[in-house]
Every structure is written in C-alpha cells, then in structure tokens.
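# Observations on chain architecture
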Amino acid sequence: MKICMIGSGYVGLVTGACLAEFGMEIICVDSDKAKIATLEKGESPFYEPGLEDLIEKNMKDGGLSFSTDTKKGVRASTVIFIAVGTPANSDGSPDLSHVEAVVREVASYMNEYKIIVLKSTVPVGTGKWIKGVIEEEVKGACTFDLVSNPEFLREGAAVEDFFRPDRVVIGAENEKAIEAMKEIYNALYLIETPIVITTIETAEMIKYASNAFLATKVSFINEIANLCELVGADVHDVARGMGLDGRIGRKFLHPGPGFGGSCFPKDTKALVHIGREHNCEMEIVQSTIRVNERQRERMIEKIEQMVGDVRGKTIGILGLAFKPNTDDMREASSIPIIQGLQAKGARIKAYDPEAMEAAKKVFKDVVYCKGPYEVAEGSHALVLVTEWNQFRLLNLERIKGLLLEPVFVDLRNVYEPLHMREMGFRYCGVGR
Ligand code: UDX
C-alpha cells in the first residue's frame, strides 16, 4: 500500500514512521524545507522516544521517504493522510485554514481514485465540508472517498501508543474505504485491537469527547485536591480509593499544576465552541477549562504561601515541558507559573532535560542551568513542575545544602510529605 502523509509534525511523522514499520510505502510531505532536510538526514525534528530509530531504520529499508513536493506524494499514493495542524483561533474555534489549503492542493493533483484520510483533529462536520471542497476542485475528473481516522497518541509515548492502541477509530461512508483502512491497520487487528467503524461525524466526535473527558478527569482531581488540603485529606489515597472502582479507573487522576500540551487545552476550547455554534452549552467542559486556569494561579499562591513575598527572591524551577519525555512547551503550566512569579518580582532559575531550547523562545530573563543541583544553588525555594524521571531520585541532602531556604514545592507529588518534613524541608505538594 502506498501512502502519502501530508504534514510531518508530531502526528504525521509518528504515524508515517510506524506505518512504514508495518511494511507500507510512505512518503511524508511537509512544506517546511528545513524540517524535510533534517528528516532526510534520518534525524527527528523534535524529541520523541523511539521515533528517530524508526525513521532511520525505515529510511534504510526503503519504506519511508520525505519530500516537500505534494504533487509527487499525491500522484504516487492511493491513500493520502492529512495531518496538518489545527491551531486555535482567539475565540477557541480551530483554525482550519491549513487543512483547507492542503486539501485544495491535494485535490488539484488527483488524477485517479484516492482515499483522503483526515488525521488532524477537526470539528464535527469538517469531513463532510472537506468532501465538498474536494468535489469542487476535482470537478468529476476522478472519484475519491473521505475517511476520518482520529489519533490518540500521547506525546512522549507516541510510538508505543501507535503500536499498542486501546482502539482504532475509522469513520467512513463505504466498504471500499473501510477495507483499505482495515488493510492499513491489519497488524493491529491481528493483535486484537478493537476497531471502531462508524460514520465520519461520529469519528470526529469520538476524538473530542475522549480528550474532553480526560481533561475533565484531571480538573476533577485537581478540584478534589484543593479541597483535600482544606479538610486534611490525602488526595493520593482518595485517587487510589476512587480509581479502584472499575467504573472510574485509576488513570488520569494525578493532581498537579493543570493540564497543558497541544491537545487538551485546544480541544476543550474547540468543543465549547462547537457546542455554542449548535446552541448547546458544554457546561462541564467549560468548568474543566476554568478549573484548569485557576489551578495554575493556585500554584503561584502555593509558592507564595511557602516563600512569603517573592519579590527579589530566586525561585528554582525543575521541569519546563508540559509533561515528561517531550520538549514540547505548548500550553505548559510552567509558562503562567514562571511569568506570574516574574510579574511579582521573582528571579527564575530553571532546568529541563529536553525543553530548554524551546523554553528560550517563550521566557525572558530566565537563568538556564545544567542540572537540578545548579538550580537549587542559591535559590529560596525549589519548585518541581514537570515530573521527569531524573527528578524522582534527587540527592535531597545535597539539594537542601544548596538551597538558601529548605523550601520544596512539589507540584507533581513526586516525594513523600512526611519523609521530606523529617529531612528538614518545608515541603508542600498538591492535595496532601
Ligand atoms: C493527550 C491524549 O492523552 C492523547 O490521547 C491525545 O491524542 C492527545 O492529547 P498528550 O497531550 O500528549 O496526549 O498528554 P497526556 O499524557 O494526555 O497529558 C496531558 C496533560 O494532562 C499534561 O499536561 C499532563 O501533565 C496532564 N495530566 C495528565 C495531569 O495533570 N494528570 C493526569 O493524571 C494526567
């Protein structure tokens, strides 16, 4: 099966490299020349565990290639995946201009039957609209089918998620397209991955509903954590006690500084927007967004409670990426926290194992350090924002000796409160 992947960002590249590993012939296209040049050297333009090895191996095997030439990609392939970005407009609605531009371009090169697969997260109804756009462009010159195939990959675990998904969702209108998609995902079918076959609109909705539900779980446990602090309960035990109920489940009940990343913030806002367009207030999702914004402010208040007035004080930050195992700074909680502290007059020292280059484009006046101990040295408090593994086994005696004040604010509940207090830290976590 010959496949063209338009858009070599997170989703497109991981999907392309993994499908090549399944034995498909993949050509990944992107308009960014520098990105394609990097990829042609066998290097990944961003940090994602396992991805670079896959790219290198499948390029050598001949199944994976890169190009800036959309025409070449479209003409050479039967199936065209669209995996370009859908950033949020200022009103929360997704910006579909990239998708539309790419679809029009693809359609202009179509000279025989093609299957167009939408991977980008797009509002319900976009598939139908795109179908109309393609019909308008091809003017009956060839036939095509449109498929919605949303992705559920987590950054930092995307390759693993691709090969072991909980499900594959295929929204399509006829057997021919469904059969082609089943062939593409046959390797997953063989390991008994559930394949949900449905309409295009339902597939689009599954993606938003899943992300909004997960984001709601995070905001829910954050709200419970805040109450736990006031009533003297421990949110860890609460989450465990709740999560053991199979109907609730243990995952996504970790309290922290709020959710970030390229999906949850954007998709929750988009769902509220889609609801509004149909006169249907998405009240739970709206609250999820509000609780998340408030949670970030609370983290600043938490630091102030531990440090006092932060003006003129140095706050050491461990972790900048929105979560571990990625260098992605999009909507990272570190951003409002650091900027909020700076606005109150604090000086910031920080370290992240992968995200410092990306962070330099976001922050002004942050002193970047070589590791956690350099961050601790001369700081009035150490704040753990992203739970990278290397922050889980810190030499705490050394940290305490380097800090000006033994203040440890653990926004990911990595350490045991009792143990930290016994060691002489003024410690606080979230909801414990
Ligand atoms: C998410 C979805 O999981 C994935 O299926 C979808 O396709 C894309 O969006 P991702 O954004 O990579 O993936 O990260 P995820 O691991 O889901 O975490 C999202 C945010 O929620 C992070 O900021 C994380 O720190 C936070 N989070 C997650 C919590 O605060 N607590 C939790 O229990 C889980």
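Reading guide: rules and limits
- Residues numbered from 1 in each chain as written.
- Predicted model: local features only at pLDDT ≥ 70, side-chain atom pairs only at ≥ 80, totals over all residues.
- Heavy atoms only, no water.
- Phe/Tyr/Trp six-rings, centres within 6.5 Å; stacked < 30°, edge-to-face > 60°.
- Helix = DSSP H or I, 4+ residues; strand = E, 2+ residues; numbered from the N terminus.
- Buried < 20%, exposed > 50% of the residue type's maximum accessible area, 1.4 Å probe, protein only.
- Expected span 1.5 Å × (residues − 1).
- Pairing = 2+ DSSP bridges.
- Axes fitted to C-alpha atoms, helices over the stretch in contact; angles between N-to-C directions.
- Near = heavy atom within 4 Å.
- Polar contact = N/O pair within 3.5 Å; in protein donor to acceptor, adjacent residues only side chain to side chain.
- Areas by Shrake-Rupley, 256 points an atom, 1.4 Å probe, with all protein chains shown as cover.
- Domains from an automatic or database assignment.
- Contact = heavy atoms within 4.5 Å.
- Buried area = accessible area lost by both parts, 1.4 Å probe.
- Salt bridge = Lys/Arg side-chain N within 4 Å of Asp/Glu carboxyl O.
- Nonpolar A, V, L, I, M, F, W, Y, C, P; charged D, E, K, R; others polar.
- Left-handed = near helix turned anticlockwise from the far one by under 90°.

## Things to note about the packing of aromatic side chains
Considering all chains together, one arrives at 11 aromatic pairs under this definition. Judged by centre distance (6.3 Å) and plane angle (40°), the rings of Phe162 and Tyr185 are tilted. Here the residue Phe162 occupies a position in helix α7 (residues 158–163), and Tyr185 occupies one in the loop between α8 (175–184) and α9 (186–190), the gap between them amounting to 23 residues. Note on Phe162: relative accessible area 6%, which makes it buried.

## Regarding helix α10 (residues 200–231)
Counted at 1.5 Å a residue, the expected span for α10 with its 32 residues is 46 Å, and the 47 Å between its end C-alpha atoms agrees. Looking at the residues trailing α10, positive phi occurs at Gly232, about 80°.

## Digging into the sheet that holds strand β10 (residues 347–351)
Two strands in a sheet stick together by hydrogen bonds in their backbones, pointing the same way (parallel) or opposite ways (antiparallel). Within the open sheet, the 6 strands sit side by side as β11-β10-β9-β12-β13-β14. Their pairing is parallel. Looking at the sheet topology across the chains shown, the edges are occupied by β11 (366–368) and β14 (426–428). Each strand of the sheet is rotated relative to its neighbour by a mean of 20°, with strand direction disregarded. Of the strand pairs in this sheet, strand β12 (residues 381–384) and strand β13 (residues 407–410) are connected by 3 bridges, and their pairing is parallel. Within β13, the position partnered with Leu382 by the bridge is Phe408.

## With respect to the site of the ligand
Lining the immediate surroundings of the ligand are 18 residues, of which Glu155, His254, Gly260, Lys323 and Arg412 lie closest. Contact between the ligand and His254: a nitrogen atom at 2.9 Å from a main-chain N or O atom of the residue. One of the backbone nitrogen or oxygen atoms of Phe322 is found 3.2 Å away from an oxygen atom of the ligand. Within the complex, the protein chains bury 93% of what would otherwise be the 660 Å² of accessible surface of the ligand. The element best represented in the shell around the ligand is α10, accounting for 3 residues.

## As for the domain arrangement of the protein chain
Domain assignment breaks the protein chain into domain 1 (2–198) and domain 2 (213–428). Distance between the C-alpha centres of domain 1 and domain 2: 33 Å. On the side of domain 2, 16 residues touch domain 1, which itself brings 17 residues to the contact. For the domain 1 and domain 2 pair, buried surface summed over both sides reaches about 1300 Å², with 55% attributable to carbon and sulfur atoms. Per-residue buried area on domain 1 facing domain 2 is highest for Tyr47, Gly92 and Glu155; these three make up 42% of the total on that side. For Glu155, the salt bridge goes to Arg330, with nearest N and O atoms at 3.6 Å. Along the contact surface separating domain 1 from domain 2 lie 7 residue pairs in polar contact (both at pLDDT 80 or more). Of the residues that constitute the side of domain 1 that touches domain 2, the class distribution is 9 nonpolar, 5 polar and 3 charged.

## Structural notes on the pattern of salt bridges
Taken as a whole and judged by the stated rule, the model has 26 salt bridges. Notably, a salt bridge pairs Lys128 with Glu201, separated by 2.9 Å at the nearest N-O pair. Of this pair, Lys128 sits in helix α6 (residues 126–138) while Glu201 sits in helix α10; the two residues are 73 residues apart in sequence, bridging distant segments of the chain. Glu201 gets classed as partly exposed once you look at its relative accessible area, which sits at 24%. One salt bridge in this structure joins Glu179 and Lys182, with 3.8 Å as the shortest N-O distance. Here Glu179 pairs with Lys182, and both are found in helix α8, just 3 residues apart, close to one helical turn. Assessed through its relative accessible area of 37%, Lys182 is described here as partly exposed. Bridged by salt links that share partners, the residues Glu100, Arg104, Glu136 and Glu137 form one connected network.

## Overview of the packing of helix α5 (residues 97–109) against α6
Close contact between α5 and α6 brings their axes to 9 Å; oriented N to C, the two are set at 35°. Once α5 is placed against α6, the crossing between them reads as right-handed. Each of Val99, Glu100, Val103, Arg104 and Ala107 in α5 lies in contact with α6, whose residues at this interface are Trp129, Ile130, Val133, Ile134, Glu136, Glu137 and Val138. The residue makeup of the contact of α5 with α6, split by class, is 8 nonpolar, no polar and 4 charged.

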